[in-house]
Amino acid sequence: MTLLQVTHLRCEYQNNPIGLGVTTPRLSWQLHSDDVHVNQLAYQIQVSCSLEGFDETKLVWDTGRIESDQSVLVEFGGQPLQARGRYYYQIKVWDNKGRESDWSEAAYWEMGLLSPADWTAAWITPDSHAIDSQAEPIFLLRTTFNTCESISRATVYATSLGLYELELYGQRVGDWQFTPGWTSYKNRLQVQAYDVTQQLLAGKSNAIGAALANGWYKGDLAWNNQKSIYGDTRALLLQLHIDYADGTTEVVRSDSSWRASTGPILMSELYHGETYDARLEKTDWATAAFHDQDWSSVSELPHSKDILIMQENEPVRITEKLKPNELIKTPSGETVMDMGQNMVGRLHFQVDLPAGTTLTLQHAEVLDREGNFYIGNLRKAKQTVHYVCKGGGEAYEPHFSFQGFRYVKLEGWPEDVALDLNLFTGHVIHSDMEPSGTFECSNPLLNKLQQNITWGQRGNFLDVPTDCPQRDERLGWTGDAQVFIRTAAFNYDVAPFFAKWLRDLKADQRSDGGVPFVIPHVLDEGSYSSAAWGDAAVICPWVVYLSYGDKRVLEEQYDSMKAWVEYMRQQGENEHLWNTGFHFGDWLGLDAKEGDYVGATPRDLIATCFYAYSTKLFVRTAEVLGRIEDANSYRELYEQIITAFEQEFITANGRLAAHTQTAHVLPLMFDLVEGPVRERMAKTLAEYVTEQKFHLTTGFVGTPYLCHVLSENGYHDVAVKLVQQEDYPSWLYSIHQGATTIWEHWDGIKADGSFWSDDMNSYNHYAYGSIGEWLYRVVAGLDLDESQPGYKHIVFRPRTDSGLSYAKASYKSAYGLIRSEWSTGEEGAATYEFEVPTNTTAEVNLPGVTLAAISINGSTIGQTPGVLASQEQDGKLVLTLGSGIYTVHAEAKVTA
């Protein structure tokens, strides 16, 4: 018999999560088979409540055989889940070949603390009379406790006002960074759960401690010297639950019995860096043997526990380590290390230097045209680490600060000591999302572009989707997030990341439906509701649904989406046009007037286009969720917006009354025009690009869609020339200038080596990386059917007319690996390879190919297992494939 296995069990996208706060978790799995065209016909799930493993005598849910092909995000439907309960689950399936799988290996999830009633701990902070709550040093908090023998499970639940790190008996608890993360702190505060069963000393005295820093809660945020936005007092909330083999539980909790002090971290700020005096280290401060008689008392702080939620997204972690690749002596005499990559994180080092030696490390992205260290684009952010040595061998890296940098200037190194680059390591830090996609082609510069896009995503997806990681900003700009989200979803599994961020968007959304420019909202009260920025409220949930088949994100965000559409509807005198209020417009468009950041495209045209687009997506959302009344009502509104758009912006002869690239991109991308008007608009856009010698003039609004519109409307050749352009302005220009990430400005470094302005010139700014979606979906041709989201039905549309000899993309979907690859020979014949995971199907579109001219897996179509249908239509060959791997040879010359 052929193989049929159930593998890759996941609960809420995670592998064996603990501390889950979702009371109706969803389970997913993959099927693996060595046969073709294998689909699931039915499944059975069993869930038991146990600490030791799957126990059939403790079932809380047994579905029995369920006739369904659903294997992704199946909702738990058993008995109510208990706080801290651990639940093991196993799955078996039946397929369309009459086979029944064995039970899968068991996986588990563990619930967290689910309500304020589950908390008996108190918020604690050092007594103000002993330690100034406004002081810069990091606070240390600790307590001791005794344990019994035979510990079966021990779990810490912790959060803070500020940032925290935990130690248990002198060892770091977990590897998560910048906990509890950044949320809308007045509404939502995440709690982390850590399994510390192996760290506790059974039957002995133990100690647990926490270090507390300002972080996003009360540290510097944004560019207006804002501090203490959410509060002015750091505090800790912690419960350690110890379960014993005899069934009893002991709880160690934060309360007034804890002790407090300060330590060697004299200052730590997200923007500014850290000051650390190793001579002040309190050795083994989190061990039971440490004497804390000279420590001060703590106070219990009245603060809400109603806002507590369990961790929702992936934790931030160190994901990679890089060694400096060069030591530079600059023309001005600076000692600078080059990491070889613009990265986000921090520098770890090991040194053996005399006590009192002070090392200063300043971080920057680029060198100036003379080759000197350049920090002008950091604005007020210092990005500087000061370290005072204690003497002897020692190791250090910052705790509560991250830097965006490629270059590190080192000062204070003794002249009589050789500087060894091997002592230094760059720790790359970001949300630990699972990598999901790859793209590669025959053009090395496009491959480098893909790498730069990925590095830009890594650097800016640090708990929230930030706009830049280096200057005094690093905020969750909504416009950047919505233009990049589809590319982001190819590169990494971003479903939990965006679900968490969207909940913060909903929490910070104004009562009138307006959406702040940045989420979490930390700017002034007038900073909200620009077109294309506020539309993140609708576009981002829709893309998560499309990419992962996740209806729950639409359900959770539905009211927020509707409120945003209604906000737009209420602007101005005409409810079908949006021609009032502030808008960023086509931000950084190259057709802007000199000295202006906003491109030349009329802002009311942009606003009305996005008004229509968000309304359209909301109609589709209502249809998906079965909200028929809303779907009908807003469909009528959408049609009225289109009519108003045509009357306002299109002449009687079908010409658009705006003469920019972006003005033509948006109506085409959002399907606001059709027939001859659409054809004329696409032709005009192609002419505009050609007149610029295949360069763009678009900004943040038009750039993400420009190549899609050209390719979809018969001008793929123009899009290809545009993307492979190498001089300014282009995606590849920055690569020739040494870029290893995506820039904020096309000419962040000009051809003569000079810079764009200091004010706003990030060299790690992912928005223009949105071209990655076009590389995946159009060039490699890996796409989905929107009527069956989450890649349940895959659509392959490879474009061999992309000016390349080969291209290939892969994507790890919830069902398994998807691949689309193509290459062309000397005579123009093409070879394609497609991989379709089990329990999915695919449609393949091959323009210019005939049935008579191809073979699949070495055979004719009629003799190839897994080929479910084939037909020639409209000058292309359309194949329907079941799961499997297919190599297609097109013998005749291929044209698109």
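Up top you'll find the structure we're talking about.
About the thresholds
Residues numbered from 1 in each chain as written. Predicted model: local features only at pLDDT ≥ 70, side-chain atom pairs only at ≥ 80, totals over all residues. Heavy atoms only, no water. Salt bridge = Lys/Arg side-chain N within 4 Å of Asp/Glu carboxyl O. Helix = DSSP H or I, 4+ residues; strand = E, 2+ residues; numbered from the N terminus. Buried < 20%, exposed > 50% of the residue type's maximum accessible area, 1.4 Å probe, protein only. Phe/Tyr/Trp six-rings, centres within 6.5 Å; stacked < 30°, edge-to-face > 60°. Core = buried A, V, L, I, M, F, W, Y, C linked by side-chain atoms within 4.5 Å. Contact = heavy atoms within 4.5 Å. Expected span 1.5 Å × (residues − 1). Pairing = 2+ DSSP bridges.

Applying the stated criterion across every chain, the model contains 55 salt bridges. The salt bridge involving R26 is made with E12; its shortest N-O contact spans 2.9 Å. Of this pair, R26 sits in strand 3 (residues 26-33) while E12 sits in the loop between strand 1 (4-11) and strand 2 (18-20), and the two are 14 residues apart along the sequence. Judged by its relative accessible area of 7%, R26 is buried. Shared partners join several salt bridges into a network, and the residues in it are R379, D467, R471, D472, E473 and E744.

A word on the packing of aromatic side chains. Taken as a whole and assessed by the stated rule, the structure comprises 63 aromatic pairs. Note on W477 and F584: the rings are 5.8 Å apart at their centroids and 80° apart in plane angle, and the pair reads as edge-to-face. In this pair, W477 is assigned in the loop between strand 36 (464-465) and helix 3 (478-491) and F584 in the loop between helix 6 (551-569) and helix 7 (603-624), connecting sequence segments 107 residues apart. Taken as a pair, W477 and F584 share a single burial class, namely buried.

To continue, consider the nonpolar core. If you look at the biggest cluster of nonpolar residues, it comprises 225 residues, and the most contacted ones within it are W216, L449, V494, F498, W501, W731 and W774. The element that contributes the greatest number of residues to this core is helix 7, accounting for 12 residues. The residues touching V494, leaving out its near neighbours within four places in the chain, are M433, Q457, F461, A488, A489 and Y548. L141, F145, L166 and V298 belong to the second-largest nonpolar core, a separate cluster that totals 28 residues.

All right, on to helix 4 (residues 495-508) then. In a regular helix each residue adds 1.5 Å, so 14 residues correspond to 20 Å; helix 4 covers 20 Å between its end C-alpha atoms and thus fits that length. The buried fraction of helix 4 is high, at 12 of 14 residues. By the burial criterion, the buried members of helix 4 are A495, P496, F497, F498, A499, K500, W501, L502, R503, D504, L505 and D508.

With eight of nine residues buried, strand 16 (residues 205-213) lies mostly within the body of the structure. In this sheet, strand 16 lies alongside strand 11 (residues 139-146) in antiparallel orientation, the contact comprising eight bridges. When the sheet's bridge partners are listed, T144 is paired in strand 16 with A207.

Interpretation in functional terms is not warranted from these geometric data alone.
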